[in-house]
Structure formats: C-alpha cells, structure tokens
Amino acid sequence: MSKLTFALSSLAKYAVRQSSTCPYCGSATRILQRKHLLLQLRRCDRCALQFRYPRDEPEQSKRFYQVAYKQGSTTELPPEVSTHFSGVRDAADDLKTIQPLVPSGKLLDYGCSWGYCTRQFIEAGYDAEGFEISEPRAQYGRGTLGLRITSDITDFEDSSFDVIYTAHVLEHIPTPKATLNEFRRLLKPGGMLFLYVPNCGGKRARDQGVHWGPMMGEKHVLSLTAEFFLRNLPAHGFDVSQPTDPDGDELRVIARRGTE
C-alpha cells in the first residue's frame, strides 16, 4: 500500500485504541523506540517478543500479501522459467546446513513465494512442496514451474513433513503463536525446523535500532531475536539449538520437534 494509506490505517488504529498487548502471549508491553512518529517498537518482557505497533490484523495482512506486497525479484514473477533463480535466494548455503541433518524426505517451503527455493530443494532430491499466502504467486509456481504450492495450510495433514524451511517469512506474520503451532503440527516427531529471519538482536540492530531497514516497518511486523526463540520454542514442543551467529544480520534457528 502507499505510504499515505499505511499512515491513515495506522492513525485509524490509534483512534479506536487498538490493544498494545503482546500478539504472542497477550501480556502488557512497553515502548522501546519510535519511528516516523506513528510507529512504535514494543517489547513483551514475558515472552521477549518485539513487534510493531499499531499491529496488523490477520485479515488485513492476508489482503496485503495478495497483490500489494512487493519485494523485488522475490515477489516479481519472472517472464521466463529460465530466469527463475535470477536475483533471488540461492538455497545452496541453506542446503549445506539442512542436508547433513536431514539428507532426504518430505520438505515444506513455508512462505515460498513463486517457488524459487522449492524448485532448488526438488533438484537437491527432496520431496518438496510449498505454502504461499499470495494466491497469484502460488498459481505461477504451480502453472509455470509445475510445483505443488498451496495457499491453504489446512491442505496438509498432521505430521506430514520431515523438514520445514522458512526464510524471511515469520517477521511478516502478525500471529506468531499460531504459526509456531502449525510448524509443530505439520512436522513428524523428530522432524527439523530451519527458520531464517532478520536478526533483530544482532549488532546492526543494536547499533541502528528502528533505523536498520529490516527491523520494523510496514512489511515487518515482528522484530525477532534469538532470545524469543530460545525462550518460547520449547513450549511448542521443540528442542532448539543455540543460534550460531548472534551478531550477524540473519538469524538462523534450527529446532527439532520432540517425539512426544
């Protein structure tokens, strides 16, 4: 949406006194920083979630990601299949992390856009399919690349996957608890979660605060840290490893679903 539309939407939420409680655990929160007068970066001390206020409602978020969301080549549909990896995330480095732990099996690319990583996982030998909230991008992946991509998460049965891979998706989602519950539901016991987000506890985030681009804005509604995942993933039935690069720009979280 335009900056004006986003500003007016934010003002409307102030006008109706939208709740500033935590979107993860419902607790009271406090302001850490402000951005552009209208936006607040808030923190919940109970669960360690940092988020943008005013908050997005789930239906508002779903509408936004159908057509309004633009993020360069990761959302623009390429004119030719032969260019479908140009300028987008190369999954080669991610595979170096995933393959030693889960060398094969069923993999869900959660928030897959038009399927550029899904295709790479298939080429690496995984039985991979995708979930994408934007139906136009899901349709492109199905029709042009021949991928299995759905926009309805309920299409997947419980304990369907050996691996869930999600790269730079969770920071866009206003309902983090429901999403983490879905990850547990969809993974087989002992299955692995590989989750990548902007590191909002890293050095640049600490130095620049809300002025660091990935930290908080219209698109990024959550500002996620290693502390949040280490504190909360066990409650969703996951054993989580200590992140390997706490000061980097990208936070890489690896967790295994428990067998109970």
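Structural data are supplied above this passage.
Let us look at the structure shown here. Remember, predicted model here, so these are calculated numbers, not experimental data.

### Things to note about the pairing of strand 8 (residues 187–198)
- For strand 8, the buried fraction is high: nine of the 12 residues fall into the buried class.
- Here six bridges tie strand 7 (residues 161–167) to strand 8, and the two strands are oriented parallel to one another. From the neighbouring strand, Thr-166 faces strand 8, where its bridge partner is Leu-195.
- Once you follow strand 7 into helix 6 (residues 176–186) and on to strand 8, the crossover reads as right-handed.

### Here's the deal with helix 3 (residues 92–101)
- Where helix 3 is concerned, the buried positions are Asp-94, Leu-95 and Ile-98. One side of helix 3 carries all its buried residues, which in axial view fall inside an arc of 95°. The exposed residues of helix 3 that point more than 90 degrees off its buried face are Asp-93, Lys-96 and Pro-100.
- If you follow the buried residues of helix 3, they end up packed against helix 4 (116–123), strand 7 and strand 8.

### What to know about the nonpolar core
- Core analysis: the biggest nonpolar cluster contains 35 residues, and Leu-49, Tyr-110, Leu-193 and Phe-229 have the highest contact counts within it.
- Elements that contribute at least two residues to this core include exactly strand 3 (50–53), strand 4 (106–110), strand 7, helix 6, strand 8, helix 8 (226–232) and strand 10 (250–257).
- At four residues, the largest contribution of residues to this core is made by strand 8.
- Listed in part, the 24 residues of the second largest apolar core include Ile-98, Cys-112, Trp-114 and Met-192.

### Structural notes on a nonpolar patch on the surface
- On the surface, Leu-4, Leu-8 and Leu-11 cluster together into a nonpolar patch covering about 310 Å² of accessible area.
- Structurally, Leu-8 can be placed in helix 1 (residues 3–15).

### Quick word on the layout of surface pockets
- The computed volume of the second largest pocket comes to approximately 390 Å³.
- Its residues placed into classes, the lining of the second largest pocket shows five nonpolar, seven polar and four charged.

Each value, and the rule that gives it
- Residues numbered from 1 in each chain as written.
- Predicted model: local features only at pLDDT ≥ 70, side-chain atom pairs only at ≥ 80, totals over all residues.
- Heavy atoms only, no water.
- Buried < 20%, exposed > 50% of the residue type's maximum accessible area, 1.4 Å probe, protein only.
- Helix = DSSP H or I, 4+ residues; strand = E, 2+ residues; numbered from the N terminus.
- Pairing = 2+ DSSP bridges.
- Right-handed = clockwise from strand over helix to strand, strands pointing away.
- Arc of directions from axis to C-beta.
- Contact = heavy atoms within 4.5 Å.
- Core = buried A, V, L, I, M, F, W, Y, C linked by side-chain atoms within 4.5 Å.
- Patch = residues over 30% accessible without salt bridge, like charges linked within 9 Å, V, L, I, M, F, W, Y side chains within 5 Å.
- Areas by Shrake-Rupley, 256 points an atom, 1.4 Å probe, with all protein chains shown as cover.
- Salt bridge = Lys/Arg side-chain N within 4 Å of Asp/Glu carboxyl O.
- 1 Å grid on protein atoms, 1.4 Å probe; cavity = no way out; pocket = protein on both sides within 12 Å on 5 of 7 lines; lining within 4 Å.
- Points joined across faces, edges and corners; volume = space filled by probe spheres on them.
- Nonpolar A, V, L, I, M, F, W, Y, C, P; charged D, E, K, R; others polar.

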